[in-house]
Amino acid sequence: QSALTQPRSVSGSPGQSVTISCTGTSSDVGYFNYVSWYQHHLGKVPKFMIYDVSKRPSGVPDRFSASKSGNTASLTISGLQAEDEADYYCCSYAGSSTWVFGGGTKLTVL
Amino acid sequence: EVHLVESGGGLVQPGGSLRLSCAASGFTFSDYWMNWVRQTPGKGLEWVANIKKDGSEKYYVDSVKGRFTISRDSSKNSLYLQMNSLRAEDTAVYYCARRGYGDYDRAFDYWGQGTLVTVSS
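Worth saying up front: this structure is predicted, and the values here are computed from it rather than measured. (Residues numbered from 1 in each chain as written. Chains lettered and ligands numbered in written order. Predicted model: local features only at pLDDT ≥ 70, side-chain atom pairs only at ≥ 80, totals over all residues. Heavy atoms only, no water.)

Engineer: Go over the nonpolar core with me, naming the residues and quoting the values.
Structural biologist: By size, the foremost hydrophobic cluster in this structure holds 46 residues, and its most contacted members are Trp36(B) and Tyr94(B). By size, the runner-up hydrophobic cluster in this structure holds 24 residues, among which are Cys22(A), Val53(A), Ala73(A) and Leu80(A). (Core = buried A, V, L, I, M, F, W, Y, C linked by side-chain atoms within 4.5 Å. Buried < 20%, exposed > 50% of the residue type's maximum accessible area, 1.4 Å probe, protein only.)

Engineer: Give a description of the state of the cysteines that names residues and reports values.
Structural biologist: Scanning the model with the defined rule gives two disulfides over all chains in all. Across the disulfide, Cys22(A) is cross-linked to Cys90(A) (sulfur-sulfur distance 2.0 Å). Taking the torsion about the sulfur-sulfur bond, which here is approximately 80°, the covalent link between Cys22(A) and Cys90(A) counts as right-handed. Here the residue Cys22(A) occupies a position in strand β2 (residues 18–23), and Cys90(A) occupies one in strand β7 (residues 86–93), the gap between them amounting to 68 residues. For Cys90(A), a relative accessible area of 0% puts it in the buried group. Between the sulfur atoms of Cys22(B) and its disulfide partner Cys96(B) the distance amounts to 2.1 Å. Taking the torsion about the S-S bond as the criterion, the Cys22(B) to Cys96(B) disulfide, at about -70°, is left-handed. You can see Cys22(B) sitting in strand β3 (residues 18–25) and its partner Cys96(B) sitting in strand β9 (residues 92–99), a full 74 residues away along the chain. Using a relative accessible area of 0% as the deciding quantity, one classes Cys22(B) as buried. (Disulfide = S-S within 2.5 Å. Helix = DSSP H or I, 4+ residues; strand = E, 2+ residues; numbered from the N terminus.)

Structure (structure tokens):
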């Protein structure tokens, strides 16, 4: 049940793209196609952004995309907007009805 | 509209106990697995525990096994977390989160605003 590894911070200018990585193990990210991503603005409720590695729930802009390769999942935000500045967390199903989250990445829009 | 509202957080001494509650509304509570997720100061999120729709199965992160107990009361649309033998490292904001249904079954589709638990002497 070790936390998934995310970069502490990333940054980009408006209009640019950024990618946030999320590295787990062959027991979680690498084994299950159940990676999800959450956006968290300080003081607000975490928002569900991606499920099943790369699928977007209704209402999430297509500027948000995600993928997985081996034990590493990635979230890409294209066409950065000021409102995208937030903390982003990945999460993976780890089997036996347990879950593991990443340490979170702070996105700064310059 | 789905709402999850946590309560019960506060300051407690090491070794003490606290019971968190989460009031759910806007959906059929008994149709969903429910979870507690915490965010420790300066760190990321950590899944803590979950409970099956009918309460028949419960799972915990290793660090809280034997100390925390998750439960639910569908007649009150409420989720609970009984926390005993609290330690400083349990200090966190505790979120109630709903595990999705159908396509969203392997994600947490709604979260509460969180309740702060501080373990300190």
